[in-house]
Amino acid sequence: MKPEQKEIFIDKIGALDIKVPLLQFGSGDPKILILNGIHGDEISGLFVIKKLISDLQLKQGQLDIITSANPLAQALQERKTPIDKKDLNRNFDPVDSSLTEQTAEKLLEKFQNYDLVIDLHTFENCSPIVCIFINHGKEKIKQESKRQIENFAPELVWELDIDSKADKDFLGSLGPKLSHQDIANFVVEMPEHFRITDNQIQNVNNGIKNVLFDLNMIENSSNKKRKENLEFFERTRIKAEDSGIFTPEKELMSNITSGDKIGEITMVDTFETKPVIAEQEGKLIIINEKDLVMPGDLLFSLGEKVTR
């Protein structure tokens, strides 16, 4: 199915026009958006999109795909907009006229047309396929977002609550803003492009197709089943207190108890080793690989199950 090529004009920087490309498949309702490239160094979503559109056939509705929401950052493979060094996904409450905030404002204006937004991202550390549920906004919007996450059927769901201390740094990100504006949405987090497997790319592709099937936009072509009893987790990030070589010892998705040794940090000047010990229980949902870390770098994240 050949898309119609469109664009969202953002601004003119010198002699350069900044435009966000958009591929439109079909027309009518419902209107769904797949968004990629808010962070320019996150590449995995492009491989998912390539797989998805290779055999896409809509029977009704409109599917729009933004492959590069932050084109300058993507061109340089940088997380932030290179002109003003701002993170687009922390500036969806624009307060000035920087390029990043102009981009956020123009995108938000466009997003008002959609019934559902699926936002593709990647984690910088080892992780499963994760969906982020935005626990914000009206109950009707939260329930629709949750239902489509169940259709997507990820390996794990991280519940983000911007009113909590742990998630306060996500103020200004797109998901809560969409939920506040009564637009159902969820985030898909994947491993980085050099870690993600073909099987994981296929699973994300199947998850998107399950959502489109639920909305009666395509014929069913996936073997994945809806997960109605998904476990939702709140995330606690554990960061390095020392610099050195981090060597992990626990496997991703392991159940951790307080006192478990997650790995160790070896100082590069003395080669003395300190254990990294978990101070609480939870599921190991993100873990750094063998790496040279500095104080403040993420070592691992634990998920605490949310009681619903």
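Look a little higher up for the structure.
The rules behind these values
- Residues numbered from 1 in each chain as written.
- Predicted model: local features only at pLDDT ≥ 70, side-chain atom pairs only at ≥ 80, totals over all residues.
- Heavy atoms only, no water.
- Phe/Tyr/Trp six-rings, centres within 6.5 Å; stacked < 30°, edge-to-face > 60°.
- Helix = DSSP H or I, 4+ residues; strand = E, 2+ residues; numbered from the N terminus.
- Buried < 20%, exposed > 50% of the residue type's maximum accessible area, 1.4 Å probe, protein only.
- Lys NZ or Arg CZ within 6 Å of the ring centre and 35° of its normal.
- Pairing = 2+ DSSP bridges.
- Axes fitted to C-alpha atoms, helices over the stretch in contact; angles between N-to-C directions.
- Core = buried A, V, L, I, M, F, W, Y, C linked by side-chain atoms within 4.5 Å.
- Contact = heavy atoms within 4.5 Å.
- Expected span 1.5 Å × (residues − 1).
- Salt bridge = Lys/Arg side-chain N within 4 Å of Asp/Glu carboxyl O.

Re the packing of aromatic side chains
Consideration 1: Taken as a whole, this structure holds two aromatic pairs when the rule is applied.
Consideration 2: The interplanar angle of 85° and the centroid separation of 5.5 Å between the aromatic rings of Phe133 and Phe232 together place this pair among those described as edge-to-face. Taken together, the residues span a long stretch of sequence, with Phe133 in strand E6 (residues 130-134) and Phe232 in strand E9 (residues 232-239) at a distance of 99 residues. The exposure classification of Phe133 matches that of Phe232, with both residues buried.
Consideration 3: Here Phe152 and Phe186 contribute two aromatic rings whose centre-to-centre distance is 5.8 Å and whose plane-to-plane angle is 65°, an arrangement assigned as edge-to-face. In this pair, Phe152 sits in helix H4 (residues 139-152) while Phe186 sits in strand E8 (residues 184-190), placing the two residues 34 residues apart along the sequence. The pair formed by Phe152 and Phe186 is uniform in burial state, with each residue classed as buried.
Consideration 4: If you follow Arg235 out to its NZ or CZ, it ends over the ring of Trp158, 3.9 Å from the centre.

Overview of the sheet that holds strand E11 (residues 255-256)
Consideration 1: Strand order in this open sheet of twelve strands is E1-E2-E4-E3-E5-E8-E6-E7-E9-E16-E14-E11, and the pairing throughout is mixed. In the strand order of this sheet, the two ends are held by strand E1 (4-13) and E11, each with one partner.
Consideration 2: Where E9 lies against strand E16 (residues 298-305), seven bridges are found, and the strand directions are antiparallel. Opposite Lys239, over in E16, you have Leu298 as the bridge partner.

Focus: the sheet that holds strand E12 (residues 261-266)
Consideration 1: Spatially, four strands are ordered E13-E12-E10-E15 in an open sheet, and the strand pairing comes out antiparallel. The open sheet terminates on both sides in strands that have one partner only, identified here as strand E13 (273-277) and strand E15 (291-293). Strand-to-strand, the axes of this sheet are offset by a mean angle of 35°, without reference to chain direction.

Topic: the nonpolar core
Consideration 1: Within the largest apolar cluster, 37 residues are counted, with the highest numbers of intra-cluster contacts made by Leu63, Phe152, Phe186 and Val188.
Consideration 2: Looking at this core, the element that brings in the most residues is helix H6 (residues 198-214), giving five residues.
Consideration 3: Excluding residues that lie within four positions of it along the chain, Phe186 makes contacts with Leu116, Val117, Ile118, Asp119, Cys131, Ile132, Ser145, Gln148, Ile149, Phe152 and Val211.
Consideration 4: With 23 residues, the next largest nonpolar core counts Ile8, Ile10, Leu88 and Leu108 among its residues.

Overview of helix H3 (residues 99-111)
Consideration 1: Helix length check: H3 (13 residues) gives 18 Å between terminal C-alpha atoms against 18 Å at 1.5 Å per residue, within 8%.
Consideration 2: Every buried residue of H3 is accounted for by Leu99, Thr100, Glu101, Thr103, Ala104, Leu107, Leu108 and Phe111.
Consideration 3: Residues of H3 that are buried sit in contact with E1, strand E2 (16-27), strand E3 (31-36), strand E4 (61-66), helix H2 (71-76) and helix H5 (174-180).

Section: the pattern of salt bridges
Between side chains of opposite charge, a pair can form as their charged atoms come close.
Consideration 1: Scanning the model with the defined rule gives 21 salt bridges in all.
Consideration 2: Between Glu144 and Arg147 there is a salt bridge whose closest N-O contact spans 3.2 Å. Here Arg147 and Glu144 lie together in helix H4, a separation of three residues that amounts to about one turn.
Consideration 3: The exposure class of Glu144 is partly exposed, given its relative accessible area of 25%.
Consideration 4: What you see here is one network of salt bridges that share partners, running through Glu42, Arg79 and Asp87.

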